[in-house]
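Observations on chain architecture
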Amino acid sequence: MSSSQDLSFHQLLPLTIFQQLGQLLQQMAQELGNEALIVTEEALVSIPTRLEATDKFTLVVSQQFSALLVAERRQETGARRQREELTLKESIISNSVNSEFDTEAYVTLQERNSELLNAKLTFEPEAIAQFLQHLNGCLEDNFLARATLARYSQVIQPNNAILQGKFTLMLLSVLASSSHQNDEQELIYPFVSVCQPVEEALHQQIAHERLLNQVTTQIRQSLELPIIISNVVERVREFLQVDRLVVYQFEQQELFIREQGAGSREQGAGSNSKFKIQNSKLIRNSEFSTQGCVIYEARASESINSVLNYREENCFIPSSRCWEKYRQGFTLAIADVDKAYVLSSCLLAFLQKTQVRAKLIAPIVFQQQLWGLLIAHQCYEPRSWQENEKNLLRRIAEQLAIAIYQEELMRSLKLEKQTLEQRVIERTQALHDALLAAQAASRAKSEFLATMSHELRTPLTSVIGMSSTLLRWPLGEMSQRQRQFLQTIHDSGEHLLALINDILELTQFESGKAVLNLSEFALAQLAEASLRSLSDRATRQAVNLMLDLKISPDYRLFADPQRVSQILWNLLSNAIKFTPEGGEAILRIWSENNFAVIQVEDTGIGIAEEHLPLIFEKFQQLDSPYQRRSDGTGLGLALTKQLVELHQGRIEVESTLGTGSVFTVWLPNNREQGAGSREQ
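About the cut-offs
- Residues numbered from 1 in each chain as written.
- Predicted model: local features only at pLDDT ≥ 70, side-chain atom pairs only at ≥ 80, totals over all residues.
- Heavy atoms only, no water.
- Phe/Tyr/Trp six-rings, centres within 6.5 Å; stacked < 30°, edge-to-face > 60°.
- Helix = DSSP H or I, 4+ residues; strand = E, 2+ residues; numbered from the N terminus.
- Buried < 20%, exposed > 50% of the residue type's maximum accessible area, 1.4 Å probe, protein only.
- Lys NZ or Arg CZ within 6 Å of the ring centre and 35° of its normal.
- Axes fitted to C-alpha atoms, helices over the stretch in contact; angles between N-to-C directions.
- Left-handed = near helix turned anticlockwise from the far one by under 90°.
- Contact = heavy atoms within 4.5 Å.
- Nonpolar A, V, L, I, M, F, W, Y, C, P; charged D, E, K, R; others polar.

Digging into the packing of aromatic side chains
Applying the stated rule across the entire model yields seven aromatic pairs. Here the aromatic rings of Phe-65 and Phe-167 are separated by 5.5 Å at their centres, their planes lie at 55 degrees, and the arrangement is tilted. Of this pair, Phe-65 sits in the loop between β3 (56-61) and β4 (67-73) while Phe-167 sits in helix α6 (residues 161-177), placing them 102 residues apart in sequence. On the basis of relative accessible area, Phe-65 is assigned to the buried category, the value being 0%. By relative accessible area, Phe-167 is classed as buried at 0%. Both rings, one in Phe-123 and one in Phe-167, keep their centres 5.7 Å apart while their planes meet at 75 degrees; by these two values the pair is edge-to-face. You can see Phe-123 sitting in the loop between β5 (116-122) and α4 (125-138) and its partner Phe-167 sitting in helix α6, a full 44 residues away along the chain. Owing to a relative accessible area of 8%, Phe-123 belongs among the buried residues under this scheme. One aromatic cluster is present, formed by Phe-65, Phe-123 and Phe-167 through successive ring pairs. When the ring centre of Trp-590 is taken as origin, the NZ or CZ atom of Lys-550, which lies over that ring, is 5.8 Å away.

Topic: unusual backbone geometry
What you tend to see is this: most non-glycine residues have negative phi, and most peptide bonds are trans. The phi dihedral of Gln-355 is positive, around 65 degrees, even though this residue is not glycine. Structurally, Gln-355 is set in the loop between α11 (345-353) and β12 (358-366).

Considering the packing of helix α15 (residues 561-577) against helix α16 (residues 636-646)
Two elements in contact, α15 and α16, have axes whose closest approach is 10 Å; the angle formed by their N-to-C orientations is 145 degrees. With respect to the hand of their crossing, α15 and α16 are arranged in left-handed fashion. Contacts between α15 and α16 involve Arg-563, Gln-566, Ile-567, Asn-570, Leu-571 and Asn-574 on the former and, on the latter, Gly-636, Leu-637, Thr-640, Leu-643 and Val-644. Its residues assigned to classes, the contact of α15 with α16 comprises five nonpolar, five polar and one charged.

A closer look at the packing of helix α14 (residues 523-540) against α15
Taken N-terminus to C-terminus, the directions of α14 and α15 make an angle of 35 degrees; their axes are 10 Å apart at the nearest point. The way α14 lies across α15 gives a crossing that is right-handed. Of the residues in α15, those in contact with Leu-523, Leu-526, Ala-527, Ser-530, Leu-531, Ser-533, Leu-534, Arg-537 and Ala-538 of α14 are Pro-561, Val-564, Ser-565, Leu-568, Trp-569, Leu-572, Ser-573 and Ile-576. Of the residues assigned to the contact of α14 with α15, the class counts are twelve nonpolar, four polar and one charged.

Take it as geometry only, folks, not as evidence of what the structure does.
What follows is the structure in structure tokens.
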């Protein structure tokens, strides 16, 4: 017996009512058994089609009962309205947790939501056949699916009156329960059945929020990603009471690939949880691969087959529109795979092999890239997934994406830290190698200079000694010109020997081998001896050399007398050399705060201010008319500074160009050390 009564309608419906009507049709398909074909837009995401992304429909086709529910979205809720609804929702949940139900806020929240669908429900065989023909034309290069649709289009008949009446009663129950709602209203809690008390729905919502808060807390504790996934997925499986919950990770993403050689570990509650996760690292790879595998599973019992490491390599193509829908946050709910995947034989065979009867999938989207899928399996019987279950799984997937992002940030920081540490190690090693090379070069230079100084000083000593002997005891008559030549030989030898001694001494300072022979001596006597040794040179250059002692004759200095004498010699000889005829060079000595202060002042040519930083550098000679009046090596002041610092003292200079210069030396007088030697 068939029904000829037309019960079709076309009107605006809230999303929740539309979804409930779709669930009613799926229930009817379950009662019809294997003879019924059920097709939804969700079941076709794995098949290349030309359907619009916004199309929503549920189609049931059989000889006894056929129906088509189709709709398009009328309008989207604005961002501002969504924020207001979220605030109201949080207020209701917060008050409900505190055992206070805010009825006014709840009603306001219902009124805020205005998302409607332009829905059409028809039982007309001709309209259903036309939709099947349209659907067949939208399929792309899928001969088996098109043949299946064509076959079912031939079995459409007027509906059985008993089945039609049964469905009509269920339909009227849903529509009557929602008749008190305004046409522009939709419940903000889409999972709440119209026949379900508000208090029970809120209890479910509170339980969901508590679970999400626990997941968020684990993520904020900065636990390792494997531990987070292990704990979260096992608890969600128990909460949803599903047979199996798995995490499917794609092997290649826009930004990530797995590292080779990653191990596996077992986590979770009891022996029914197995876990295998591989680390990821940042790469630049613009290609997206659909290949992946199940890296984690939580099972309700050991009797449920394990799908760990299972792959879906052949049933999907990279250009399938399902990947783009998943990237946009699409949640897939399949109540019965045997009916939903009649048009996708490959995927149906895979699901039957892996013991899947119903499934719910939420995408894990990380930085706008599809990282993986969170999948709930019902293994033995179909399951009509409620909206609250879809929302929960979607929000858990969002939290896992946050945990993955957190893990990748930590991994990037660790990698950057390791890179910086490696650079520091490499730089330190390079500096160490450079230091060793410099030390080797310094040793080679010192050895060379020591050898050369010995080889040069030996013949020079002979030259100086013989020329001095000839000057004192000439053999026979010697002309004045010959005596001048002999004097030149003697003076040049002396100058060359002084140059060699200065270079050798400077080398000892640079190599840290200079030694002080410390002892107490009378500083006044040493100063007088220095002036006597330079008096002839001062007389020849018409420079008035004076001594100004402000210490007692018995004042004793604890230092190296030979080095102090060298300091006095270098400073006084420089003062004489750069002072014009008729000028003065004054040596002053006094005691100040346990320091012996030696000061040499001249009325010479002075030093330009820009040249002052260079006067203590090696081989530096200032550009002046007097610089070549007496030969010099440019080492005197450099050696003087080294000698002063070797005594742990300091030297300063003040000079005015055209007026003169003042060199001041502070030498510490520490008698507690006693006689001995000090190395640099």
